[in-house]
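# Results of the structural survey
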Amino acid sequence: MSLRLPAFPFDNRRVVGALFLAPALLYILLIVGFPFLLAIAFGFSDVTVGNTDLNFVGFRNFEAVWDNAIFRQVFETTIRFTLISQVFILLFANILAIIFTQDFTGKWFARFIFILPWATPVSLAMIGWLWMLDTKYSPIDYLLLQTGFLGPGGILSKDRNLFWLASPDLAQISVIFVQVWRMTPLATVILMAGLSSIPTDILDQAEVDGSRFMRTLLLIKLPLILPIMVIALLFSMITMFGDMTVVYVLTRGGPVDYTRVLGLYSFQVGIEGGNLAQGAAISLFAFPLLLAMAIFMLRTASRAEVR
Amino acid sequence: MNRAIRLLIVLSILAALGVGVNAQGDYAEGTEISLLQWSHFVPRYDEWFDVYAAEWGEANGVGVTVDHVNFTEIFSTLAAEIDAGDGHTIVEVLFSPASYIDGLHDLRDINEAAAAAHGERTSTCHAASYLPINDTYYAYTHGYVPDPGDYDIALWTDAGYPEGPKTYDDLLEGGRAIYEATGIPVGIGMSPELDSRMANRAAIWSFGGSIQDEAENVVLNSEETVAAVKYLAQLQNEAMTDEVFGWTAASNNQALIAGEVSYILNSNSAYRSLQKIDEAAAANIGFTPALAGPAGAYASSHVWQIYVIPKYVEGDELAAAKQFILDHTENYSDVTYHSELYNFPCYPSTVAELDGWLEEDPWGSQPPNKFEVLKTVNDWSVHLGFPGVTNPAVSQVFAESIIPNMVAQVALGEQTAEDAVAAAHERIEEIFADWRARGMVGGGDM
């Protein structure tokens, strides 16, 4: 005779699933969904920082933003910075993930040091970089000056400074470098998790079959962690695309508009300039691109997983 | 007119206007006001102000809280508080908050009360708090900050200009000679930040150009503006380093204190910092009024001290806030003194000692009359919207750093002055058209 227990709501997998999902959904709705919907409402209205009454103006703000030559340059800069950074982030993250999954003395300390750029509050880290890259008192310039690379007869420049954040080329390189420095640890940690999850029997079999390091890496490990790599890339790209802190602290978009990115321009127009409607419209231009990118990358990850 | 009589007049006018305030502090028990101010560039002022505000609160039976934040955070905080409908009672901003007008109380009553008590105020203060198209006083400007030239006396004396440069031609000739002889450059920013925005506008005005005309029509694209931009590019190429493309709000101060610049445009805060570090070096710094160009000598005020009261403030809190603001103006001698002559009064009559202090600096400058040149400040100091009004479009043009970016592009050799000015004009037209559609900017009939 089997014992029949009374019906209990938690026996229903749908109920339990919904309950487990609820906190995450609530978080997304409140922290992401509501501001996103508000931005859409603002983008189609004529709100200012002083008056958030929603008067519908159709696509006027989006048309005005698209006609703005500065915006088009800012949009292009944002995409360029994001793509270039991702190449370096992926490269460094893969190398570091492989190193940190090996056994060596001081591994835990090395991991701890390495994670710091990501764990440090971004604004504090950027103030540190602001000092490092100061146009006049940069310690990097000081070292180059002392070693003869700068100053009269210097190989890099006859000046005493390289003007890291004042030269168009160096300012762009600096911003990309700092973004790579900041985002690489996150991508590395995600890839390390991926590498650790590869079943050891597969790797053992490869070793028995005589596969060497590069062969194992390229033909076994990387294909297996591809879905995770795509997720790491997606995280990194979305974070960078919407970030304004790095350039706000380092360059405020200068010199000229060379480092002005979408988030910063949206803030300058919407909050500092008071034109909240156009500021919202500027930020929304990123949405279709990010959405398409996310769908493409998640489908890629999903296909790779199925294989 | 002594202070007691002026106070009586203010109170009478306020009573007549129904502002509903009372010097004895007849506010409901528990009335509190809170102030959000930018951390003053002269720290002594904040020390004095916090004590003053607390004593005012005790005398009037009002709880007073003062919060100081970095100046870069003021506008974003004000925007958030207006949107939330809750926050500080009084917020002090540095530039005209014209685009916030719908979220702010009309302060016509206290502006008129102060004018009646203290007489005419300087035009730059009026322009930073009044929007003619709406006939609204969206703010109360109590002070402004002169933006003279600071020059290295020894260097400029060697170059043949013992009293510093007086014209833009002097600045180019003398600055270039000093740079070639010593490697010490002129320091006028050309980057997206506050000091660059001011300095570049000063040159454009002095060459006869401007962003808008008196009727709020965009007129940037002119021969005069092109000439000013060409001049600034030449100045950068011949007398400055590339550092100016990465100039920050602290660069003036750093360069002056380090003795690595021959001339800057700045308030007196950079000099005051140097004075506390090295008195001899400070004695070698002189001040000049706005440099003269082909069309005159103009410089923007460095910043303004502008009080606003968001609309969410009501009742006794609002009445107490208005009284606080008027009493603060009443005590402007203390304000100017404790700011080490940084804050200049919008109502000159409130600081009768000012000319005497400029002739003999109470904070120990050598020579004592170092600031005497600032006696003429009201002849050459203008506001951001000059020669029109400071409207929301002017504020957005300022926030987007369109002017310094335009200048930098030419100095970097990326665009001709004609093309850069035309492109900037086009963007500014777009901004003006947008605000005009909201009914907050006039003109547009050209």
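Residues numbered from 1 in each chain as written. Chains lettered and ligands numbered in written order. Predicted model: local features only at pLDDT ≥ 70, side-chain atom pairs only at ≥ 80, totals over all residues. Heavy atoms only, no water.

Okay, the overall build of chain A next. The helix and strand inventory of chain A stands at 13 helices and zero strands. Listing the helices and strands of chain A from first to last along the sequence gives α-α-α-α-α-α-α-α-α-α-α-α-α. Computed over C-alpha atoms, the radius of gyration of chain A comes to 25 Å, more than 25% over the 19 Å expected from 2.2 N^0.38 for 307 residues, which places it beyond the range of a compact globule. Overall, chain A is about 90 × 60 × 30 Å in size when its C-alpha atoms are taken along their principal axes. A burial count over chain A gives 46% of its 307 residues as buried. Pairs at least 24 apart in sequence give 65% of the contacts found in chain A among residues at least 6 apart. Surface exposure of chain A reaches about 17000 Å², of which carbon and sulfur atoms provide 71%. Distance between charge centres in chain A, computed from 20 positive and 19 negative side chains, equals 5 Å. (Helix = DSSP H or I, 4+ residues; strand = E, 2+ residues; numbered from the N terminus. Rg over C-alpha atoms; globule rule 2.2 N^0.38 Å. Buried < 20%, exposed > 50% of the residue type's maximum accessible area, 1.4 Å probe, protein only. Contact = heavy atoms within 4.5 Å. Areas by Shrake-Rupley, 256 points an atom, 1.4 Å probe, with all protein chains shown as cover. Lys, Arg positive; Asp, Glu negative; His and termini not counted. Charge placed at Lys NZ, Arg CZ, Asp CG, Glu CD.)

With that settled, consider the pairing of strand S14 (residues 304-308) of chain B. Residues and elements named next belong to chain B. Most of S14 sits inside the fold, with five of its five residues counted as buried. Neither face of S14 is exposed, since Trp304, Ile306 and Val308 on one face and Gln305 and Tyr307 on the opposite face are all buried. Two strands pair when backbone bridges link them, and strand S3 (residues 90-93) and S14 are joined in this way by three bridges, in the antiparallel orientation. When the bridges of S14 are listed, Glu92 appears paired with Tyr307. Across four bridges, strand S6 (residues 140-144) lies against S14 in antiparallel orientation. Bridged to Tyr140 within S14 is Tyr307. (Pairing = 2+ DSSP bridges.)

Here we take up the state of the cysteines. Residues and elements named next belong to chain B. This structure, assessed with the given rule, holds one disulfide over all chains. A disulfide bridge connects Cys125 with Cys346, and the sulfur atoms are separated by 2.0 Å. The sign of the -80° torsion about the S-S bond sets the Cys125-Cys346 disulfide as left-handed. Pair noted here: Cys125 is in helix H5 (residues 123-127) and Cys346 is in the loop between strand S15 (344-345) and helix H15 (354-359), with a separation of 221 residues, a long-range link. Considered together, Cys125 and Cys346 belong to a single accessibility category, that of buried residues. (Disulfide = S-S within 2.5 Å.)

Residue and element names in this part refer to chain B. We note that the domain assignment places domain 1 (3-145 + 302-359) and domain 2 (149-301 + 375-437) within chain B. Facing 26 residues of domain 1, the contacting portion of domain 2 comprises 26 residues. Interface area, domain 1 with domain 2, both sides summed: about 2200 Å², of which 65% is carbon and sulfur. Taken as a group, Phe95, His302 and Glu340 account for 27% of the area that domain 1 buries against domain 2, more than any other trio of residues on that side. Across the contact surface, domain 1 and domain 2 share three salt bridges. Note that Lys375 and Glu359 form a salt bridge whose closest N and O atoms lie 2.3 Å from each other. When residues of the side of domain 1 that touches domain 2 are assigned to their parent elements, the largest contribution, three residues, is made by H15. (Domains from an automatic or database assignment. Buried area = accessible area lost by both parts, 1.4 Å probe. Salt bridge = Lys/Arg side-chain N within 4 Å of Asp/Glu carboxyl O.)

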